[in-house]
Every structure is written in structure tokens, then in C-alpha cells.
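Coordinates in review
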Amino acid sequence: IVIVALVYVTRHINAAFWGFTVLFLIKLFLAAYLGKREGVLTFNIDKEKLKDVWRYCAPISIAGVLGFFLEKVDMILLSSQLSPESFAFYSMGCLAVPPLYILEMSVQKVLVPAVSGAFHAHDKLTMVQHYRKAQSDIAYLMIPAVFGLMIFNRPIIEILFTEQYLQSAVYLKVFALTYIAYIIPHDAIPRATGQTSWILKMYLILTPLSLVVVYLCAGQW
């Protein structure tokens, strides 16, 4: 509401950036204050714990940077291969649906600690059950959403972007299939078992591979 209101009043898109930044800082300081007051957050530095956190988080953080290029590699390369009009049709057809991403993230936030607890208790059966439950929860909404995007791609594009961009519908029809991949929480097990270096290794392999494949395909077709 704050971001929309700022843009509406100022009529400038930069207001969205500043609004988001201010809100983020408010939430950060509020979380720190409440955490300190409730005793769940301290500002004492434990070097050993700091090393453990660094070993766990550093590979995920680097993988996150690579993940940005992995997800946007097609946009980055095609921006120089296509005309502005064609690129607009393509990019709008690759429609991000925030609730679907939020669904997958929410399930992951429950799955990782649950699997981690079972892993440390050496209970592999419970780990499998949690993983299956997570897949089921994601698929319950993801599969109908995918079919909905594929079947109603033209009305969706027309409602969101007007009929001028109906050529984007064919891209949406294909792009919708990519959401099926989210049914498999691909990095939940490494996160839960502390093997975050595996995640980084996968991104180090997949990112350059994707760059090469997309570059060759874009140049050819």
C-alpha cells in the first residue's frame, strides 16, 4: 500500500525503490529491537558460531547471485538479439506469478527445519515423509495453476497487458510448464543436512552451461 501510494502521489517510479528501502529498514530495526527485548537476539559475537554460519551461508549466497543469471540468462541475451517489440512480447509472455513463488518458498521454510530435525535424529523415514508431504502441498495448487495458465493464456495476457500484446500468449503457454519444476524442492535436502557446498557446485556447473546453450540457440533461432 505504501509503495503504490508513493508512486501514485509522486508519479515517479523511483518512489517505489525508496519506499521499499525505507520499509525494509523499519522492519530490520523493529526485528532487532523486538528480538533483543524478548531475549532471542544478542549482539555478542561467538567466533565459532560465526564460522559455522559462514560455512553454511556463503555457498548459498554465492549460488543466489549465480541463480539470478541462471533465471534471467534468456532475457539478458535476447535483449541484444531481438527487436524491442519482439522482446516485449517475449518478456511479458514469461509471466512471473508471485503467489506461486510464495507458495513454494513457504513450503520450503517448513520443510527444511522439519527434514533437518529428522536428519539429526537419524530418522530417514520421517525425512522421506516430510519431503513427500511438501511435494504434495506444492503440487496441489501448482498443477491446476499450470493448466490454468496454459488454457487461459490469451485472456490472461489481454486482461493484464491489453490485446496489443496477444502475441505474448504463445510464450506464456510454454513458460507455464516451467512452474512444474517447483514441485520438486531441489535444494531442500542439502540445506537441511548442511551440504550447501553441493548447491554452489550445481550452480557453478549449470550457470555457464545455460549461458552457452541459450546463446547458441538464440543465435540459431
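Residues numbered from 1 in each chain as written. Predicted model: local features only at pLDDT ≥ 70, side-chain atom pairs only at ≥ 80, totals over all residues. Heavy atoms only, no water.

**Re the overall build of the protein**
Helices and strands together make up the secondary structure of the protein, namely 10 helices and 0 strands. When the elements of the protein are put in sequence order from the N terminus, they spell out α-α-α-α-α-α-α-α-α-α. Expressed as a percentage of the 221 residues in the protein, the buried residues total 28%. For the protein, the share of sequence-separated contacts (at least 6 apart) that also reach a separation of at least 24 residues comes to 67%. Carbon and sulfur atoms provide 70% of the accessible area of the protein, an area that totals close to 15700 Å². Between the centroid of the 17 positive side chains of the protein and the centroid of its 13 negative side chains there is a distance of 6 Å. (Helix = DSSP H or I, 4+ residues; strand = E, 2+ residues; numbered from the N terminus. Buried < 20%, exposed > 50% of the residue type's maximum accessible area, 1.4 Å probe, protein only. Contact = heavy atoms within 4.5 Å. Areas by Shrake-Rupley, 256 points an atom, 1.4 Å probe, with all protein chains shown as cover. Lys, Arg positive; Asp, Glu negative; His and termini not counted. Charge placed at Lys NZ, Arg CZ, Asp CG, Glu CD.)

**A short note on the side chain of threonine 193**
Within the fold, threonine 193 resides in helix α9 (residues 188-193). The class of threonine 193 is buried, set by a relative accessible area of 17%. If sequence neighbours within four positions are ignored, threonine 193 has contacts with Phe119 and Met127.

**With respect to unusual backbone geometry**
Most peptide bonds take the trans configuration, and most residues that are not glycine carry a negative phi. The phi dihedral of arginine 11 is positive, around 60°, even though this residue is not glycine. By secondary structure assignment, the location of arginine 11 is in the loop between α1 (2-10) and α2 (14-38). For arginine 11, a relative accessible area of 63% translates into the label exposed. Its identity as a non-glycine residue notwithstanding, histidine 122 has a phi of 55°, on the positive side. Mapped onto the elements, histidine 122 comes out in the loop between α5 (98-120) and α6 (124-151). Residue class for histidine 122 comes out exposed when judged on its relative accessible area of 72%.

**Some points on the nonpolar core**
Judged by nonpolar contacts, the single largest core of 24 residues is most densely connected at Leu111, Met142 and Tyr179. Among the secondary structure elements, those contributing two or more residues to this core are α5, α6, α8 (169-175) and α9. Among all residues touching tyrosine 179, those that are not within four sequence positions of it are Leu95, Ala96, Val97, Leu100, Tyr101, Met142, Val146 and Leu149. Grouped together as the second largest cluster of nonpolar side chains are 6 residues, Ile60, Ala63, Leu200 and Tyr203 included. (Core = buried A, V, L, I, M, F, W, Y, C linked by side-chain atoms within 4.5 Å.)

**Topic: the packing of aromatic side chains**
Applying the stated criterion to the full structure yields 9 aromatic pairs. With a centroid separation of 5.3 Å and 80° between ring planes, the pair formed by tyrosine 90 and tyrosine 171 is classed as edge-to-face. Here tyrosine 90 is found in helix α4 (residues 84-93), whereas its partner tyrosine 171 is found in helix α8, with 81 residues between them in sequence. Measuring from ring centre to ring centre gives 5.4 Å for tyrosine 101 and tyrosine 182, while their planes differ by 80°; the resulting arrangement is edge-to-face. Pair noted here: tyrosine 101 is in helix α5 and tyrosine 182 is in the loop between α8 and α9, with a separation of 81 residues, a long-range link. Clustering of aromatic rings is evident, with ring pairs tying together Tyr101, Phe175, Tyr179 and Tyr182. It is arginine 11 that lies over the ring of tyrosine 8; its NZ or CZ is 4.6 Å from the centre. (Phe/Tyr/Trp six-rings, centres within 6.5 Å; stacked < 30°, edge-to-face > 60°. Lys NZ or Arg CZ within 6 Å of the ring centre and 35° of its normal.)

**Here we look at the packing of α1 against α2**
Relative placement of two packed helices is described by the angle separating their axes and the distance separating the axes. It is at 8 Å that the axes of α1 and α2 come closest, and there the two elements cross at 145°. For the element pair α1 and α2, the recorded crossing hand is right-handed. Along the contact surface, α1 presents Val2, Ile3, Leu6, Val7 and Thr10, while α2 presents Ala15, Ala16, Gly19, Phe20 and Leu23. (Axes fitted to C-alpha atoms, helices over the stretch in contact; angles between N-to-C directions. Left-handed = near helix turned anticlockwise from the far one by under 90°.)

**Points about the packing of α5 against α6**
The contact between α5 and α6 brings their axes to 9 Å, and the two run at 175°. Put simply, α5 runs roughly antiparallel to α6. Residues Leu100, Leu103, Glu104, Val107, Leu111, Ala114, Val115, Ala118 and Phe119 of α5 form the contact with α6, whose participating residues are Thr126, Met127, His130, Tyr131, Ala134, Asp137, Ile138, Leu141, Met142 and Ala145. By residue class, the composition of the contact of α5 with α6 is 15 nonpolar, 2 polar and 2 charged. (Parallel < 35°, antiparallel > 145°, perpendicular 65-115°, else oblique. Nonpolar A, V, L, I, M, F, W, Y, C, P; charged D, E, K, R; others polar.)

**With respect to the state of the cysteines**
Applying the stated criterion across every chain yields a total of 0 disulfides. No disulfide involves cysteine 217; its sulfur sits 14 Å from that of cysteine 94, the nearest cysteine. (Disulfide = S-S within 2.5 Å.)

**Concerning a nonpolar patch on the surface**
On the surface, Val2, Leu6, Val22, Leu23 and Ile26 cluster together into a nonpolar patch covering about 370 Å² of accessible area. Broken down by secondary-structure element, the contributors of at least two residues to the nonpolar patch are α1 and α2. Looking at the nonpolar patch element by element, the count peaks at 3 residues for α2. One can find leucine 6 in helix α1. Taking relative accessible area as the criterion, leucine 6 reaches 32% and is therefore assigned partly exposed. (Patch = residues over 30% accessible without salt bridge, like charges linked within 9 Å, V, L, I, M, F, W, Y side chains within 5 Å. Salt bridge = Lys/Arg side-chain N within 4 Å of Asp/Glu carboxyl O.)

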